[in-house]
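So you can see what is in the structure, the chains are spelled out below.
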Amino acid sequence: MKNNSSGSSYLLFYGINNKDLSTKERYRCMRNSMLIAMLAITLIPMAIISGINFTQFRKHLQNESYTNTRLSMENARAATNAYMEKTKAAITLVLESHTFEELADQQQFDQIFRQLKEEHPGLVDIGLIASDGIQITYAGPYKLAGKDYNNSLWFHKALTRKIYVSEVFTGFRNIPHFVIATSKKGSTAAPDYWVLRASIDSDTLDHFLASGNTGALEDIFLINDSNKLQSSSRYHGTVLEDFQLRNKPKHDEIVISEEGKNGGFYRAVTRIPYTPWLLVLDHQGYVQRGDWQSFKRGLMLTLISCSLVFGCFILLFSAFIAGKIRESDEMRDALLSETEHNNKLASIGRLAAGVAHEINNPLAIIGEKAGLMQDLIEMDHDFHYREKFIRQLSSLQDAVGRARTITHRLLGFARRMETSLTLVHLNDIIREVFSFLEKEAAYNNIHILLQLQKELPVIRADHGQLQQVVLNVVNNAIDAIHNDMVATDNATEEISNEGEILVTSQCEDNKTVQVIISDTGPGMSADTMKKIFEPFFTTKGNAEKKGTGLGLSISYGIIQKLGGKIEVNSEIGVGTTFIISFPVYSERSENNGNN
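Residues numbered from 1 in each chain as written. Predicted model: local features only at pLDDT ≥ 70, side-chain atom pairs only at ≥ 80, totals over all residues. Heavy atoms only, no water.

Trainee: Where do I start with the sheet that holds strand β3 (residues 163–165) in this structure?
Mentor: Within a sheet, each strand pairs with its neighbour through backbone hydrogen bonds, oriented either parallel or antiparallel. Spatial strand order, β2-β1-β5-β4-β3: five strands in an open sheet with antiparallel pairing. Strand pairing shows two members of the sheet lacking a second neighbour, β2 (135–139) and β3, which therefore form its edges. Here the average twist between neighbouring strands, direction ignored, is 15 degrees. Relative to strand β4 (residues 177–185), helix α2 (residues 23–97) is tilted by about 40 degrees, and along the sheet it contacts β3, β4 and β5 (193–201). (Pairing = 2+ DSSP bridges. Helix = DSSP H or I, 4+ residues; strand = E, 2+ residues; numbered from the N terminus. Axes fitted to C-alpha atoms, helices over the stretch in contact; angles between N-to-C directions. Contact = heavy atoms within 4.5 Å.)

Trainee: What is the right way to look at the pairing of strand β8 (residues 265–271) in this model?
Mentor: Two faces, one strand: in a regular strand the side chains alternate between the faces of the sheet. In terms of burial, β8 is largely enclosed, as seven of its seven residues are buried. Strand direction decides the pairing type here: strand β7 (residues 255–259) and β8, joined by five bridges, are antiparallel. Each bridged residue has a counterpart across the sheet, and for V255 the counterpart in β8 is V269. Alignment of β8 against strand β9 (residues 277–284), held across seven bridges, turns out to be antiparallel. Within the sheet, the bridge partner assigned to R271 lies in β9 and is L278. Counting the residues between successive antiparallel strands, the hairpin from β8 to β9 contains five residues, one of them, Y274, with a positive phi of roughly 60 degrees. (Buried < 20%, exposed > 50% of the residue type's maximum accessible area, 1.4 Å probe, protein only.)

Trainee: Explanation requested: the pairing of strand β16 (residues 575–583) in the structure shown.
Mentor: Burial analysis of β16 places seven of its nine residues in the buried class, the great majority of the element. As paired strands, strand β14 (residues 512–519) and β16 are joined by eight bridges and run antiparallel to one another. Bridge pairing in β16 links S518 to T577. Taking the residues between adjacent antiparallel strands as the criterion, strand β15 (residues 565–571) and β16 are bridged by three residues, where G573 takes a positive phi near 85 degrees.

Trainee: Before we go on, may I ask you to explain a nonpolar patch on the surface in this structure?
Mentor: A surface patch of nonpolar side chains, amounting to about 340 Å² of accessible area, comprises L351, V355, I359 and F536. Within the fold, F536 resides in the loop between α11 (526–531) and α12 (551–561). (Patch = residues over 30% accessible without salt bridge, like charges linked within 9 Å, V, L, I, M, F, W, Y side chains within 5 Å. Areas by Shrake-Rupley, 256 points an atom, 1.4 Å probe, with all protein chains shown as cover. Salt bridge = Lys/Arg side-chain N within 4 Å of Asp/Glu carboxyl O.)

Trainee: In this structure, what is going on with the environment of D110? I would like to understand it.
Mentor: By the secondary structure assignment, D110 is in helix α4 (residues 106–119). Its relative accessible area of 24% is what places D110 among the partly exposed residues. Between the C-alpha atoms of D110 and G127, which are 17 residues apart in sequence, the distance is 10.0 Å. Residues in contact with D110, not counting those within four places in the same chain, are Y138 and A139.

Trainee: Honestly, unusual backbone geometry in this entry has me stumped. Any pointers?
Mentor: Phi angles above zero are rare outside glycine, and L240 is one such case at about 70 degrees. If you trace the backbone, L240 turns up in the loop between β6 (217–224) and β7. Judged by its relative accessible area of 30%, L240 falls in the partly exposed class. A positive phi angle is found at N445, which is not glycine, with a value near 60 degrees. Mapped onto the elements, N445 comes out in the loop between α9 (426–443) and β11 (446–452).

Note that every value here comes from positions in space, so none of it alone points to a role or purpose.
Right, here's the structure in full:
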């Protein structure tokens, strides 16, 4: 990482501060970019679909809970109304089926109470009250005979409404209860109006409401318009305690509101017909339902599982794609490098051709002038230095011939002149090169060992160019070993060991002839091996004998032109090995080549 400011960005998105990244970091950045993009493409739609499912299912549960609340309230209201109607019908039946005189008989009145008590266990007591409010007869556990109810609201309501259900109050017994009072106009022997009153304990309402409670109901209770509880509540207190109700229905409709945190429950309120009561029902909301909790756990588990599976797959896939892109880039770079190398070889070839043509012209003039001078001197037999001049001119013409041979090879490398292909024995060329370099190698304390396979098949090549190839490779090996010895002597101030060059020839499968040249020099690094066949690249750092960098590049061009192949293996501190391969010559391959 080049700087801290871009360190957090290049790891995530490809193309940010790209010029500051190394090759490894760029491909890591590319992998992370693909990873983030594919995760976004995969997980965002999945999250959107999950969110839609979450919202739709929640809405469905809300509607279902709302409907269940309404149904529960309707059932509770119907049950409560039926209970009250049944109790009122029983009281009305007693009033209508008996005369005032029969009800005024205490013994008979007690018998009627016992019968009502059996049918309605919640009944506490009953009483017969005259029009003046004085209780004439009473049946029950309290001593209320003779009590005056003229000031009681329910008494006057009963006289005007025929039948009346009161709110819960304490009364003379100081116990919460409510009364059902019904009135009847008496005969001539009876008072003008008389009232039959039945008292029911508020606990009866609690037991009745609790009997209809289900697991989905949070609470159910009664309240009056004065905000006093008419039955006990699970969460809001006991009878006659205050309870504030926000929404009260005006008629018999059912009002449902969402209460609690995040819609914890639904509250339904309605009026019980012909009573002063409002029935309040708290129903369980969707957030507390088991199916909602199961759905959320399942959805979360599915999201996490899919995210992990997709994440692992996308991580591997992005790494695979980034690796393939890197491989293709490396192949492209290799092709570009090879193309560049070929362009360099072509350039050096054109340069060599130009140099060869420029040198050939003065060489021709020198050769002609030297021949003319030699002819003139040979005609003059009296010239004192005749023999000496003739020998010098012969040497001059030999030098011109060697120079022409070199320019001919340069033109052959540049493909400007046709090479002279003949049947060549590699062993003979190796021995010739060895004879050239034997003295130089011995002078540098280097032994050249030859391991040549006998009866080696012949190849078709240019003798002179092949000689140049072997000469260049062996000469480079001598220079590498010599420079390494000099460096070792300067470092240790001791005489170094002798160097060695092993030249081997062999035939593989009767199809390929190989020349293997191995040395005990310092070896080369991987980067150096990539460049050794490039023109003008040299590893000879000695200023007195610095290489031109053309030897191996020319040799590479010659081998390629002859249909061969050259490979190099090297290890630092061990040495270097060049493997030069040529196809074995046969008449069949020659005919195929001509065709």
